[in-house]
Amino acid sequence: MARENNRPTNGGYLDFEQKVADFERQVEELRKLSAKKGIDYSVEIRRIEKDRIIELKRVYSNLTAWQTVQVARHPQRPLLRDYLNLMVKDFRELHGDRLFGDDRAIITGIGQIARNKVLIVGQDKGKTTKEKIVCNFGCPNPEGYRKALAKMRFAEKYGLPVVTLIDTPGAYPGVGAEERGQAQAIAVNLSEMSRLRVPVISICIGEGGSGGALGIAVGDRLAMLEFSYYSVISPEGCAAILWRDGSRAPDAAEALKLTSRDLYRLGLVDAIIPEPVGGAHRNVHDTVYNVETYVAKTLAQLQHVPIDELVESRYQKWRSLGSKATLQGPLAVERASRIATTSRPAAAKRDTSTARV
Amino acid sequence: MAMMGPSSTTMTKKPKATWNGFSLKPRKEMPEGLWVRCPGCEHMLYKSAVQKNLDVCPSCNHHFRIGATARIRYLVDEDTFQPILENMTSADPLDFQFRGTTYKDRIRADQEKSGAAEAMQIGKAFIKGRGVVLGVMEPDFLMGSMGAVVGEKFCVAVEKAIEESLPLVAVSCSGGARMHEGVVSLGQMAKTSAALARFNERKGLFISVLADPTTGGVTASFAMLGDVILAEPRALIAFAGPRTIAETIKIELPEGFQTAEFLMEHGFVDMIVDRKDLRSEIARLIDYTQK
């Protein structure tokens, strides 16, 4: 698919990182040279390193929406398994939805994050080709959502807070997924998560692809890593429909306001978790540490709130979403006056002969 | 019959088809829009005959797509629909622009085209004398997509139903979440589902009617959360549309894939109901569930 043109061309550098790549090549050459000839280039290396970091900061503080999408899809970006390995102590995976099977795109299990016993629900994309196929490239099937809900009910029963990590291009659009009720599985999750009687924290760590992401993201807090994205449709899909040209994805990405900064400004996410200089893929440990800090801090806040209050405020949080984006204002008035002056279309006319008794 | 005399042979003999001066095809100067071609059986039909038949093909039972106004007229007792939040429109939260035009322009154009203010109408009404809160989607307005207005209206309808202890009936007919409102639209899926969770806790009855087409974010939220889910015959009901699936997995899709019948076979729809029977089936469900 259109994913091919996002792949970094040379050694994991994205096309807007050329200068950074040059600096790193220079450092590499100097290191080789000093090893071969025994000359000390450490001053030069330090100078280039400094420039490299300045350049990285410059590039990453001005990423366009489309560049952010590329960073979020970077092949070396930390995935769910990195978080499980580095952040979760004593992780035990719990398999299966008890109905159909065990989806590998959604992983669920118990473990400790900063000494808090929690249930973790996360989407996994896989690193190697083999893993990617097993994980279905991070596209869950209905059984994944049903597994997530089953484990969340378990967590609710025993008062374990739920932490969900979102990283999916979207729920899988396949024949089997439709046959087994992809839409129904997601719908039930949205409804049930809204009244789950334990704290629920959701963090978008990479791709937040539409309903597939939302299906495990209805919680008390929704945070995003700085260079992740969260969108109602993939930029390629949006471009194909509205621009009638999939290659206009950069324009679509811009228009969709899918970056953490835009969404935070619009009040659609609660927090932005900073990434290390040059993005999460340049420093996995710091990224995971930042996420861990956020989870620990937020859990400490939420666990003090009485559960009825928490569920009520979660309901209000989602109930009020977009309420400000509606109006009885100018467009509505304009329309009313236009319709008053022109005749109503024929379809709107009341035809008593077809009215049924 | 067989005992009829010799004269019967001349009676049963079909008159030879001769040209009688009138073409069987509609002539070129025929007023536009008087005829419609049925997508189900390819017959040319008189538009007024189809309309009298509730926009259903009299020969093959194909259910035409209809706008919210016509739908309400076919569904509720005459003159009982009291609209709520009629004039609510979108505030364009993302300031969305595309291909040299804007979302605001698109809204204006579609308001003119469909005569509707937004992609859903809600209100109170009676169906065969039973009071209900009704929500009906408008397929001609941005493909009946769900944005902030549809989500808000749906939630207001749910709250009205809770407040007045009425059953809620929603007719879905939608292309899914509205791209032009980005994550605001996406959030409406959670918002409507959360409202229904509340409604459910208070033992409210929600009858979800799926009309052609019900896809994407609407299917994956309130449309699939009905206590009872009804569907019109042959309606397309999907999470991912057939084209998306065909493009992704590159196989030919089976015949009848994602139709109402397919969904019923796989256990996701309770009943397939002809448009003419919708009123009586809804009334029956209300009688069985409400005190």
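Since the structure is predicted, the reported quantities are computational estimates derived from the model, not experimental observations.

### A few points about the overall build of chain B
When its secondary structure is counted, chain B shows ten helices and twelve strands. Out of the 291 residues in chain B, the part that is buried amounts to 54%. Summed over its atoms, the accessible surface of chain B is roughly 13,800 Å², and 53% of this surface lies on carbon and sulfur atoms.

### Regarding the overall build of chain A
A count of helical and extended segments in chain A gives 15 helices and nine strands. Within chain A, buried positions represent 54% of all 357 residues. Surface accessibility of chain A: about 16,200 Å² in total, with carbon and sulfur atoms responsible for 53%.

### Considerations on the interface of chain B and chain A
As a measure of interface size, the accessible area lost when the parts come together is often cited. If you look at the interface, chain B gives 76 residues, while chain A gives 70 residues. With both sides pooled, the region where chain B packs onto chain A buries about 6,400 Å², and carbon together with sulfur makes up 64% of that total. Contact with chain A buries area across many residues of chain B, yet Arg-73, Met-179 and Phe-239 of chain B alone supply 11% of it, more than any other trio. Our count for the chain B to chain A interface comes out at four salt bridges. Close ionic contact of Glu-312 of chain A with Arg-198 of chain B constitutes a salt bridge, the shortest N to O distance being 2.6 Å. Elements with a minimum of two residues in the side of chain B that touches chain A: α2 (47–52), α3 (68–75), β4 (89–90), β5 (97–98), α4 (103–114), α5 (148–163), α6 (182–201) and α8 (242–249) of chain B. Considering each element in turn, the side of chain B that touches chain A owes the most residues, 17 residues, to α6 of chain B. For the side of chain B that touches chain A, the class distribution of residues is 39 nonpolar, 20 polar and 17 charged. Two elements, strand β9 (residues 326–327) of chain A and β4 of chain B, share two bridges in a ladder whose sense is antiparallel. From the neighbouring strand, Leu-327 of chain A faces β4 of chain B, where its bridge partner is Thr-89 of chain B.

### A word on the nonpolar core
Residues Leu-168 and Ile-282 of chain B are the most contacted members of the largest nonpolar core, which totals 134 residues. Ranked by the residues each element gives to this core, the list is headed by α6 of chain B, at nine residues. In this view, Ile-282 of chain B contacts Leu-75, Ile-127, Val-169, Ile-207, Val-209 and Leu-230 of chain B; residues no more than four positions away in its chain are not counted. Core analysis: the second largest hydrophobic core is formed by 26 residues, Tyr-83, Phe-91, Ile-205 and Ala-271 of chain A among them.

### Re the domain arrangement of chain A
Residues and elements named next belong to chain A. Along its sequence, chain A is organised into domain 1 (10–63) and domain 2 (70–337). Computed over C-alpha atoms, the centres of domain 1 and domain 2 are 35 Å apart. Taken together, the contacts link 15 residues of domain 1 with eleven residues of domain 2. In total, about 910 Å² of surface goes out of reach between domain 1 and domain 2, with carbon and sulfur atoms giving 62% of it. There are one salt bridge connecting domain 1 and domain 2. The interface formed by domain 1 and domain 2 holds two residue pairs in polar contact (both at pLDDT 80 or more) in total. Elements supplying a minimum of two residues to the side of domain 1 that touches domain 2: α1 (18–37) and α2 (42–61).

### Regarding the packing of aromatic side chains
Taken as a whole and assessed by the stated rule, the structure comprises nine aromatic pairs over all chains. Between Phe-96 of chain B and Phe-98 of chain B the ring centres are 5.8 Å apart and the planes differ by 55°, which places this aromatic pair in the tilted class. One exposure class covers both Phe-96 of chain B and Phe-98 of chain B, and it is buried. Following the ring pairs from residue to residue traces out a cluster consisting of Phe-16, Tyr-60 and Phe-227 of chain A. Of note, Lys-317 of chain A hangs over the ring of Trp-318 of chain A, and the distance from its end group to the ring centre comes to 5.4 Å. The ring of Tyr-315 of chain A carries Arg-198 of chain B above its face, with NZ or CZ at 3.7 Å from the centroid.

### Notes on the state of the cysteines
Residue and element names in this part refer to chain B. Inspection of every chain in the model, using the stated rule, returns zero disulfides over all chains. Of all cysteine sulfurs in the structure, the one in Cys-60 sits closest to Cys-41, which takes part in no disulfide; the separation is 3.6 Å. Using a relative accessible area of 24% as the deciding quantity, one classes Cys-41 as partly exposed. Cysteine Cys-155 remains unbridged, with the sulfur of Cys-173 as its closest cysteine sulfur at 20 Å. Note on Cys-155: relative accessible area 0%, which makes it buried.

### Here's the deal with the sheet that holds strand β11 (residues 228–231) of chain B
Residues and elements named next belong to chain B. Spatially, β3-β7-β8-β9-β10-β11-β12 is the arrangement adopted by the seven strands of the open sheet, whose pairing is mixed. The strands lining the two open edges of the sheet, one partner per strand, are β3 (82–84) and β12 (271–272). Strand direction decides the pairing type here: strand β10 (residues 206–214) and β11, joined by four bridges, are parallel. Its bridge partner lying in β11, Ser-208 is registered against Ile-229.

### Topic: the packing of helix α10 (residues 235–243) of chain A against helix α11 (residues 249–256) of chain A
Residue and element names in this part refer to chain A. At their nearest, the axes of α10 and α11 sit 8 Å apart, and the two run at 100° to each other. Taken together, the axes of α10 and α11 lie roughly perpendicular to each other. Every residue of α11 that contacts α10 at Pro-235, Glu-236, Cys-238, Ala-239 and Trp-243 is listed here: Ala-249, Asp-251, Ala-252, Ala-253, Ala-255 and Leu-256. Grouping the amino acids of the contact of α10 with α11 by side-chain chemistry returns nine nonpolar, no polar and two charged.

### Side note on the environment of Asn-85 of chain A
For Asn-85 of chain A, the position within the fold is in helix α4 (residues 80–87). For Asn-85 of chain A and Val-288 of chain A, which are 203 residues apart along the polypeptide, the C-alpha to C-alpha distance reads 9.7 Å.

### Thoughts on unusual backbone geometry
Residue and element names in this part refer to chain B. Here the bond from Asp-212 into Pro-213 is cis, since omega is -10°, no more than 30 degrees from zero. Checked against the element boundaries, Pro-213 lands in strand β10. For Leu-85, which is not glycine, the phi torsion reads 50° and is therefore positive. Within the element layout of this structure, Leu-85 appears in the loop between β3 and β4. Here Leu-85 falls in the partly exposed class, since its relative accessible area comes to 25%. Even without glycine at this site, Arg-234 takes up a positive phi of about 60°. Relative to the helices and strands, Arg-234 is located in the loop between β11 and α8.

The rules we used
Residues numbered from 1 in each chain as written. Chains lettered and ligands numbered in written order. Predicted model: local features only at pLDDT ≥ 70, side-chain atom pairs only at ≥ 80, totals over all residues. Heavy atoms only, no water. Helix = DSSP H or I, 4+ residues; strand = E, 2+ residues; numbered from the N terminus. Buried < 20%, exposed > 50% of the residue type's maximum accessible area, 1.4 Å probe, protein only. Areas by Shrake-Rupley, 256 points an atom, 1.4 Å probe, with all protein chains shown as cover. Contact = heavy atoms within 4.5 Å. Buried area = accessible area lost by both parts, 1.4 Å probe. Salt bridge = Lys/Arg side-chain N within 4 Å of Asp/Glu carboxyl O. Nonpolar A, V, L, I, M, F, W, Y, C, P; charged D, E, K, R; others polar. Pairing = 2+ DSSP bridges. Core = buried A, V, L, I, M, F, W, Y, C linked by side-chain atoms within 4.5 Å. Domains from an automatic or database assignment. Polar contact = N/O pair within 3.5 Å; in protein donor to acceptor, adjacent residues only side chain to side chain. Phe/Tyr/Trp six-rings, centres within 6.5 Å; stacked < 30°, edge-to-face > 60°. Lys NZ or Arg CZ within 6 Å of the ring centre and 35° of its normal. Disulfide = S-S within 2.5 Å. Axes fitted to C-alpha atoms, helices over the stretch in contact; angles between N-to-C directions. Parallel < 35°, antiparallel > 145°, perpendicular 65-115°, else oblique.

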